[in-house]
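Below, each chain spelled out in residue letters.
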Amino acid sequence: MMQNEQNTGLRTDWTLEEIKDIYYKPVLELIVEAANVHKQYQATGEVQVCTLLSVKTGGCPEDCSYCPQAARFHTGVDVHKLLSQEQVLTAAQRAKDGGSTRFCMGAAWREVRDNRDFDKVLDMVKGVNEMGLEVCCTLGMVNEYQAEKLKEAGLYAYNHNLDTSEENYNNIITTRTYDDRLDTIENVRKAGISVCSGGIIGLGETDEDRIKMLHTLSTLVQHPESVPVNALVPVKGTPLQNQPLVSVWEMVRMIATARILMPKTMVRLSAGRERMSVTEQSLCFLAGANSIFTGEKLLTTPNPDFDQDKAMFELLGLNPRKSFKEETQNVCS
Ligand code: SAM
Ligand code: DTB
Ligand code: SF4
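Rules and cut-offs
Residues take numbers from 1 onward in each chain, read along the sequence in its written order. For naming, the first written chain is A and the first written ligand is 1, with later ones following in the order written. Per-residue local features of the predicted model are confined to residues with pLDDT of at least 70, and side-chain atom pairs are confined, for both listing and counting, to 80 or more; whole-chain, interface and lining totals are unaffected and use all residues. Values reported for side chains reflect all heavy atoms of the structure, with hydrogen atoms and water molecules removed beforehand. In these notes, residues near a molecule or strand are those with any non-hydrogen atom within 4 Å of it. A pocket here means an open set of points on a 1 Å grid, computed over the protein atoms alone, that has protein on both sides within 12 Å along at least five of seven lines. A cavity is instead a set of points where a 1.4 Å probe fits but cannot get out; residues with an atom within 4 Å of a point line either one. Whether a molecule lies in a cavity or pocket depends on its atoms, and more than half of them have to be within 2 Å of the grid points. Grid points are joined across faces, edges and corners, and a volume is the space filled by probe spheres set on the points. The way it works is that DSSP assigns letters per residue, a run of H or I at least four long becomes a helix, a run of E at least two long becomes a strand, and they are numbered from the N terminus. Put simply, Ala, Val, Leu, Ile, Met, Phe, Trp, Tyr, Cys and Pro go in the nonpolar bin, Asp, Glu, Lys and Arg in the charged bin, and everything else, Gly too, in the polar bin. Polar contacts, as used here, are pairs of N or O atoms within 3.5 Å; protein pairs need one atom able to donate a hydrogen and one able to accept it. Residues neighboring in sequence count only if both atoms are side-chain atoms. Here the accessible surface of atoms and residues is derived via Shrake-Rupley with a 1.4 Å probe, and residues count as covered only by protein chains that are part of the display. Per-residue accessibility, obtained with a 1.4 Å probe over protein chains only, is compared with the maximum for each type, and a residue is labelled buried under 20%, exposed over 50%, and partly exposed between these values. The contact rule is simple, with two residues in contact once any of their heavy atoms fall within 4.5 Å. Just to be clear on terms, a salt bridge is a Lys or Arg side-chain nitrogen sitting within 4 Å of an Asp or Glu carboxyl oxygen. Between N-to-C directions, angles cover 0 to 180 degrees, with each direction set by a line fitted to C-alpha atoms, over the stretch in contact for helices. Here roughly perpendicular refers to angles of 65 to 115 degrees, roughly parallel to angles under 35, roughly antiparallel to angles over 145, and oblique to all remaining angles. Crossings are classed by handedness, with left-handed meaning an anticlockwise turn of the near helix from the far one by less than a right angle and right-handed meaning a clockwise turn. A pair of strands is considered paired only if DSSP assigns at least 2 bridges between the two. Call a crossover right-handed when, viewed with both strands pointing away from you, the route from the first strand across the helix to the second goes clockwise.

1. Observations regarding the site of ligand 3
Here comes step 1: Surrounding ligand 3, one finds Cys-60, Glu-62, Cys-64, Tyr-66, Cys-67, Ala-70, Ala-108, Trp-109 and Arg-176.
Here comes step 2: More than half of the atoms of ligand 3 fall within 2 Å of the grid points belonging to the largest cavity.

Here it is in structure tokens:
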């Protein structure tokens, strides 16, 4: 019998073979299939608008080979200690005024430490939550206790990406393990925080690696409520600076497969939009993407600004998703 997430009808027992069959379909057929799933499970035409803010930039001790914020690479990123509460709330207000409903704060940390900076982040979470925005954080690894504290402060979602397949992980990052990543995701889940976890394509991984990462995500005890699909933004000074850019068809394939495997999840067209045309982005929406980051910067790299996205939404007849809209679909009732 197929294993479902209790009462949700969602499958968490996908096999690699099944995922391969989906992933390798002729791309137009794949888009149609994903669009049908999208129509069945999601409010079509609705796209979640999230804004990122790097609250602590650069100087990170990790060796993630894609990342401009790793201290060991010379990328020229502006290293900055933790921003003040006031700076964060001002940025959150700008995001809200620009039409964003989720505000995600990122820190270039390996892990959360129980120190004054964490207390400050908890205050930021409280403050942004009180503004009526969904608050998300991405701060590196967290333990159960820290996840609970974040939840108590009003954290809505936590982003922690798998980035790639378990097999390829060591080629990209050596300073932590895949299991460390999975443990954090479990801690976040246990604390009752919405899970945001996805990956990056264009790191030099194979299709098999992409399929395996999608397999891991879609066979977690519960699907992540949100899955970001990032295209590598090659940054000068990182070991991956010369990676060829991923094509829109690779993004479409990832997004469509994720949509079919995890029908109720928000699939986010994340890093890489800056160099995509509106037509290319439309293909991604058609394939089941229903969330984007907006605002002129991601964490450290450029992104289309609010006005450009507003024009795109008008052109395509897309509407921003309201905040705190029930995401309980992924939770066993
Ligand atoms: N330090 C924390 C961590 O690693 O979990 C949070 C911030 S980290 C920058 C968040 C995510 O950004 C990474 O997991 C990775 O998926 C994505 N990312 C970082 N640099 C990127 C790049 N150059 N291109 C695409 N995605 C990138
Ligand atoms: C995610 O999956 N992508 C965002 C967010 N989660 C934190 C980050 C993308 C970062 C791209 C490189 C940069 O701007 O530094
Ligand atoms: Fe540090 Fe996160 Fe960048 Fe890795 S991805 S180097 S942990 S900021």
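2. A look at empty space enclosed by the protein
Here comes step 1: Considering all chains together, one arrives at 2 cavities of 30 Å³ or more under this definition.
Here comes step 2: Taken as a whole, the largest cavity spans an internal volume of roughly 790 Å³.
Here comes step 3: Those elements giving two or more residues to the lining of the largest cavity turn out to be β4 (102-107) and β9 (226-231).
Here comes step 4: Here the residues of the lining of the largest cavity sort into 23 nonpolar, 11 polar and 7 charged.
Here comes step 5: Reported here for the second largest cavity is a volume of approximately 40 Å³.
Here comes step 6: Together, Cys-50, Arg-102, Cys-104, Cys-136, Asn-159, Cys-196, Arg-268 and Phe-293 line the second largest cavity.
Here comes step 7: Partitioned by chemical class, the residues of the lining of the second largest cavity number 5 nonpolar, 1 polar and 2 charged.

3. Considerations on the layout of surface pockets
Here comes step 1: Estimated volume of the largest pocket: approximately 550 Å³.
Here comes step 2: Taken together, 21 residues form the lining of the largest pocket, with Leu-52, Leu-53, Ser-54, Lys-297 and Leu-299 sitting closest to its centre.
Here comes step 3: If you list the elements that add at least two residues to the lining of the largest pocket, you get β3 (46-56) and α3 (85-97).
Here comes step 4: For the lining of the largest pocket, the residue count by class is 10 nonpolar, 7 polar and 4 charged.

4. Considerations on the site of ligand 2
Here comes step 1: If you check the shell around ligand 2, you find Leu-52, Pro-68, Thr-138, Asn-159, Asn-161, Pro-228, Asn-230, Phe-293, Leu-298, Leu-299, Thr-300 and Thr-301 and nothing else.
Here comes step 2: Asn-161 places a side-chain nitrogen or oxygen 2.8 Å from an oxygen atom of ligand 2.
Here comes step 3: Within the side chain of Thr-300, a nitrogen or oxygen atom sits 2.7 Å from an oxygen atom of ligand 2.
Here comes step 4: Calculation on ligand 2 without its partners gives an accessible area of 410 Å², and the protein chains cover 89% of this total.

5. Brief notes about the environment of Asp-163
Here comes step 1: Inspection of the secondary structure assignment puts Asp-163 in the loop between β6 (157-159) and α6 (166-172).
Here comes step 2: Judged by relative accessible area, Asp-163 falls into the buried class, the value being 2%.
Here comes step 3: Residues Asp-163 and Val-229, spaced 66 residues apart in sequence, show a C-alpha to C-alpha distance of 9.1 Å.
Here comes step 4: Setting aside residues no more than four positions away along its own chain, Asp-163 makes contact with Tyr-66, Ile-173, Arg-181, Gly-198, Gly-199, Ile-200, Leu-203 and Met-213.

6. Considerations on the pattern of salt bridges
Here comes step 1: Applying the stated rule across the entire model yields 21 salt bridges.
Here comes step 2: Notably, a salt bridge pairs Lys-20 with Glu-208, separated by 3.9 Å at the nearest N-O pair. Note that Lys-20 is positioned in helix α1 (residues 16-23) and Glu-208 in helix α8 (residues 207-218), a separation of 188 residues in sequence.
Here comes step 3: Looking at Lys-20, the relative accessible area reads 21%, which means it is partly exposed.
Here comes step 4: In this structure, the salt-bridge partner of Arg-189 is Glu-225, at a minimum N-O distance of 3.0 Å. With Arg-189 in helix α7 (residues 178-190) and Glu-225 in the loop between α8 and β9, this residue pair connects regions lying 36 residues apart in the sequence.

7. A short note on the packing of α1 against α8
Here comes step 1: Here α1 crosses α8 at 120°, and the two axes come no closer than 10 Å. In terms of orientation, α1 lies oblique with respect to α8. Read as a crossing pair, α1 and α8 show a hand that is right-handed. Contacts between α1 and α8 involve Leu-16, Ile-19, Lys-20 and Tyr-23 from the former and Asp-207, Glu-208, Arg-210, Ile-211, Lys-212, Leu-214, His-215 and Ser-218 from the latter.
Here comes step 2: Along the lines of polarity and charge, the residues of the contact of α1 with α8 split into 5 nonpolar, 2 polar and 5 charged.

8. A word on the environment of Glu-208
Here comes step 1: Its relative accessible area of 32% is what places Glu-208 among the partly exposed residues.
Here comes step 2: Separated by 165 residues in sequence, Glu-208 and Ala-43 place their C-alpha atoms 31 Å apart.
Here comes step 3: Beyond its immediate stretch of four places on either side in the chain, Glu-208 contacts Lys-20 and Tyr-24.

9. As for the pairing of β9
Here comes step 1: For β9, the tally of buried residues reaches 6 of 6 residues, placing the bulk of the element in the interior.
Here comes step 2: Taken together, the 3 bridges between strand β8 (residues 199-201) and β9 define a ladder with parallel strand orientation. Residue pairing in the sheet places Ile-200 in a bridge with Asn-230 of β9.
Here comes step 3: Assessed by its sense of winding, the connection that carries the chain from β8 through α8 to β9 is right-handed.
Here comes step 4: As defined by bridge partners, β9 adjoins strand β10 (residues 266-269) across 4 bridges and the pair is classed as parallel. Following the sheet pairing, Val-229 is matched in β10 by Leu-269.
Here comes step 5: As a crossover connection, the stretch from β9 through helix α9 (residues 248-261) into β10 is right-handed.

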